[in-house]
Amino acid sequence: MDEKKLIIQAHKYSGENTIVSVRLPKDMLADIDAVASKTGRTRSEIMLLSLEFALKHMEIQ
């Protein structure tokens, strides 16, 4: 039987937060809000997780 594990990863970014303004298409914001609603996370958390993922997996050419 597979043993279940709780895996908690450290936050990559720490320290003081800053406010950033960004323009998003309304339908993209609706998608972000839908994910936030389904996961119980805030809009900000979803955006931060998405940005962290993008930075980690992007390829610059």
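Each remark here, short or long, concerns the structure printed above.
Keep in mind that this is a model prediction, so the values were computed, not measured. (Residues numbered from 1 in each chain as written. Predicted model: local features only at pLDDT ≥ 70, side-chain atom pairs only at ≥ 80, totals over all residues. Heavy atoms only, no water.)

K.L.:
Give me the overall build of the chain: which residues, what numbers.
P.N.:
Across its full length, the chain holds 2 helices and 0 strands. In summary, the chain has a C-alpha radius of gyration of 15 Å against a globular reference of 10 Å for 61 residues, an excess of more than 25%. Each principal axis of the C-alpha atoms in the chain carries an extent, and together these give about 45 × 30 × 30 Å. Looking at the 61 residues of the chain, the share that counts as buried comes to 5%. (Helix = DSSP H or I, 4+ residues; strand = E, 2+ residues; numbered from the N terminus. Rg over C-alpha atoms; globule rule 2.2 N^0.38 Å. Buried < 20%, exposed > 50% of the residue type's maximum accessible area, 1.4 Å probe, protein only.)

K.L.:
Any details on a nonpolar patch on the surface? Residues and values, ideally.
P.N.:
Taken together, the side chains of Tyr13, Leu55, Met58 and Ile60 define a hydrophobic patch exposed on the protein surface, amounting to about 460 Å² of accessible area. If you trace the backbone, Met58 turns up in the segment after helix H2 (43-57). Taking relative accessible area as the criterion, Met58 reaches 46% and is therefore assigned partly exposed. (Patch = residues over 30% accessible without salt bridge, like charges linked within 9 Å, V, L, I, M, F, W, Y side chains within 5 Å. Areas by Shrake-Rupley, 256 points an atom, 1.4 Å probe, with all protein chains shown as cover. Salt bridge = Lys/Arg side-chain N within 4 Å of Asp/Glu carboxyl O.)

K.L.:
So what about the packing of helix H1 (residues 26-39) against H2? Which residues, and what values?
P.N.:
Relative orientation of the contacting elements H1 and H2 amounts to 105°, with a least axis distance of 8 Å. Classed by the angle they form, the pair H1 and H2 counts as roughly perpendicular. Across the interface between the two elements, Leu29, Ile32, Asp33, Val35, Ala36 and Thr39 from H1 touch Arg43, Ile46 and Met47 from H2. In terms of residue class, the contact of H1 with H2 is built from 6 nonpolar, 1 polar and 2 charged. (Axes fitted to C-alpha atoms, helices over the stretch in contact; angles between N-to-C directions. Parallel < 35°, antiparallel > 145°, perpendicular 65-115°, else oblique. Contact = heavy atoms within 4.5 Å. Nonpolar A, V, L, I, M, F, W, Y, C, P; charged D, E, K, R; others polar.)

K.L.:
Outline the environment of Ile7, listing residues and values.
P.N.:
As for its position among the elements, Ile7 is in the segment before H1. Sequence separation of Ile7 and Asp33 is 26 residues, and the distance between their C-alpha atoms is 26 Å.

K.L.:
Any details on H1? Residues and values, ideally.
P.N.:
Since there are 3.6 residues in each turn of an α-helix, residues three or four apart along the chain are aligned in direction. In this model, H1 (14 residues) spans 20 Å end to end at C-alpha, consistent with the 20 Å of a helix rising 1.5 Å per residue. Just beyond H1, the residue with positive phi is Gly40, at close to 75°. (Expected span 1.5 Å × (residues − 1).)

K.L.:
So what's going on with the environment of Glu16? Residues and values would help.
P.N.:
By the secondary structure assignment, Glu16 is in the segment before H1. With a relative accessible area of 79%, Glu16 lands in the exposed category. For the pair Glu16 and Leu49, spaced 33 residues apart in sequence, the C-alpha separation works out to 17 Å.

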